[in-house]
Amino acid sequence: MSESTSTVSAAATAPKKGGGRRKLFLPVILLIIAGGLLLFSLVRVISGANDLTSVGQVAGALQLAVPIGLAGLGGLWSERAGVVNIGLEGMMILGTFFGAWAGYQWGPWTGVLLGIVGGALGGLLHAIITVTFNVNHIVSGVAITILATGLTRYLANFTFAEAEGGSSKQSPRIDAIDRITIPGLSDGLADLQAKHWFFISDLAGVLGGLVTGLSLLTVVALLLIPATWWILWRTAFGLRLRSCGENPIAAESLGVNVYKYKYIAVTVSGALAGLGGAFLAIVSTGIYQEGQTGGRGYIGLAAMIFGNWMPGGMALGAGLFGFTDSLKLRGGAENVHAMLLLLAILLVAMAVWQLYKKKYLNAAIAAVVSAGLFVWYAGTDKLPSQFVDAAPYVTTLLVLALSAQRLRMPKADGMPYKKGQGK
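Below is a short write-up of the structure. These figures come from a predicted structure and were not determined experimentally. (Residues numbered from 1 in each chain as written. Predicted model: local features only at pLDDT ≥ 70, side-chain atom pairs only at ≥ 80, totals over all residues. Heavy atoms only, no water.)

**Describing unusual backbone geometry**
Part 1: Despite not being glycine, His196 has its phi angle at roughly 60 degrees, a positive value.
Part 2: Of the residues examined, His196 reaches a relative accessible area of 35% and is grouped as partly exposed.
Part 3: If you check the backbone angles, Lys358 has positive phi at about 65 degrees while not being a glycine.
Part 4: Within the element layout of this structure, Lys358 appears in the loop between α15 (333-356) and α16 (360-379). (Buried < 20%, exposed > 50% of the residue type's maximum accessible area, 1.4 Å probe, protein only. Helix = DSSP H or I, 4+ residues; strand = E, 2+ residues; numbered from the N terminus.)

Here it is as structure tokens:
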């Protein structure tokens with residue numbers, strides 16, 4: 001590795017004052033997952049909401065989490081290079097339109113490719129506006145989303161409206177991408193889950209959801225998470241890209257072409273968001289529908305922030321939001337009602353933890369809210385439909401509020417930069 005790259009590596013990986021985050025090793029991660037599953041199993045048994053960890057619930061949550069995760073992964077690429085990408089929603093919209101437009105004519109995989117290209121064009125436009133012309137990143141992102149919404153609505157009028165089975169707001173049906181189900185194992189896990197045994201059935205439901213009706217595009221999307229980690233944290237290319245988000249002036253002084261890396265990162269960001277949009281149109285629904293992204297680009301951004309700008313944490317955030325969305329669709333009010341009990345128990349644990357840290361005010365607030373949730377759960381059988389519909393967005397706000405204190409964004413994220421600025 002060159003001397004300049006080694007210097008950037010030292011600067012980028014040097015320990016921060018005040019300590020750093022503890023690394024979570026695989027046994028610890030597995031223990032945390034097992035603890036979470038035990039808690040879900042307890043809530044399921046008490047509430048009687050047996051669909052909470054069913055095969056269908058987990059499979060549905062995974063399918064709903066993938067577009068959110070791809071948008072979050074796109075945001076991670078962009079912000080690690082120092083460019084805030086609020087335009088992820090607009091790039092997803094471009095992905096849905098171009099993916100469906102190509103998909104119904106030339107097949108689903110061509111649609112996936114064109115969806116990626118559509119999102120990448122949106123990312124490239126964002127890079128031109130923010131990197132070259134130094135426009136405020138938020139303003140550019142909002143403008144791209146508005147532009148993408150208007151453009152796709154206009155194009156749909158004379159593409160889908162004139163096609164058989166389509167309209168100005170909907171595309172014709174797109175052929176499905178092949179799905180994977182492991183014979184024997186899938187049926188066995190489904191039978192075990194149906195027995196509703198404590199923990200064992202819940203574990204079977206989770207594993208069964210991961211091997212039942214799994215789209216090939218879902219497999220590709222899941223592989224992109226470790227691929228992103230390896231590229232950004234284990235290669236010289238990734239090190240230079242991340243240095244642009246931490247200290248672009250220092251990176252430029254060491255010979256890094258900051259503009260090039262920012263352009264690459266934001267274009268890749270748009271491509272990933274476009275892939276998420278294509279997934280929505282081709283895998284989730286099989287058609288393009290106006291407004292079908294439903295704010296998933298913004299939720300993906302929230303998942304990325306929840307994950308502290310790391311691929312693994314982002315994946316957990318996307319899974320959480322996908323699971324909440326799936327609860328709304330499967331079992332509706334009963335499942336979301338059971339989540340009140342889960343939140344109440346988690347807040348009790350938080351209150352105990354805050355007491356241990358001698359933060360008495362935080363402990364008192366957590367205890368009071370927990371008591372309120374227990375009363376709400378005990379006094380109702382089902383929740384109003386309006387609350388059920390809002391559950392994914394309420395979850396987004398709660399998660400961001402609870403995780404805000406531990407976040408550390410790239411130091412130069414969103415900051416204006418001009419070539420030669422440090423001279």
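**Some points on helix α8 (residues 200-210)**
Helical geometry: 3.6 residues make up each α-helical turn, so side chains three or four residues apart lie on a common side.
Part 1: Turning to α8, its buried residues number three or more, namely Ser201, Asp202, Ala204, Gly205, Gly208 and Gly209. Relative to the axis of α8, the buried residues are bounded by an arc of 160 degrees and lie together on one face. (Arc of directions from axis to C-beta.)

**Topic: the nonpolar core**
Part 1: The biggest cluster of nonpolar side chains holds 35 residues, and the ones touching the most others in it are Ile68, Leu232, Leu241, Met304 and Phe321.
Part 2: Where this core is concerned, the elements lending two or more residues are α3 (55-80), α4 (88-106), α9 (216-234), α10 (236-246), α12 (258-285), α13 (296-306) and α14 (311-329).
Part 3: For this core, the leading source of residues is α12, giving six residues.
Part 4: Not counting the four nearest positions on each side in its chain, Ile68 is found in contact with Arg296, Ile299, Gly300, Ala303, Ala318, Phe321 and Gly322.
Part 5: Of all hydrophobic cores here, the second largest spans 23 residues; its members include Leu340, Leu341, Leu383 and Ala391. (Core = buried A, V, L, I, M, F, W, Y, C linked by side-chain atoms within 4.5 Å. Contact = heavy atoms within 4.5 Å.)

**Comments concerning the side chain of Glu246**
Part 1: In this structure, Glu246 sits in helix α10.
Part 2: Take Glu246: its relative accessible area is 19%, and that puts it in the buried class.

**Regarding the packing of aromatic side chains**
By convention here, two paired aromatic rings are described through the distance between centres and the angle between planes.
Part 1: What the rule picks out here adds up to eleven aromatic pairs.
Part 2: Both rings, one in Phe97 and one in Phe160, keep their centres 5.2 Å apart while their planes meet at 50 degrees; by these two values the pair is tilted. Taken together, the positions of Phe97 in helix α4 and Phe160 in the loop between α6 (137-158) and β1 (179-180) put the pair 63 residues apart, joining distant regions of the chain.
Part 3: Among the aromatic residues, those joined into a ring-pair cluster are Phe97, Phe98, Tyr104, Phe160 and Tyr288. (Phe/Tyr/Trp six-rings, centres within 6.5 Å; stacked < 30°, edge-to-face > 60°.)

**Re the pattern of salt bridges**
Part 1: The tally for this structure, following the rule as stated, stands at six salt bridges.
Part 2: As a salt-bridge pair, Arg296 and Asp325 come within 3.9 Å of each other at their nearest N and O atoms. Here the residue Arg296 occupies a position in helix α13, and Asp325 occupies one in helix α14, the gap between them amounting to 29 residues. We note that Arg296, like Asp325, is buried.
Part 3: Among the charged side chains, a network of salt bridges with common partners joins Arg80, Glu246 and Arg408. (Salt bridge = Lys/Arg side-chain N within 4 Å of Asp/Glu carboxyl O.)

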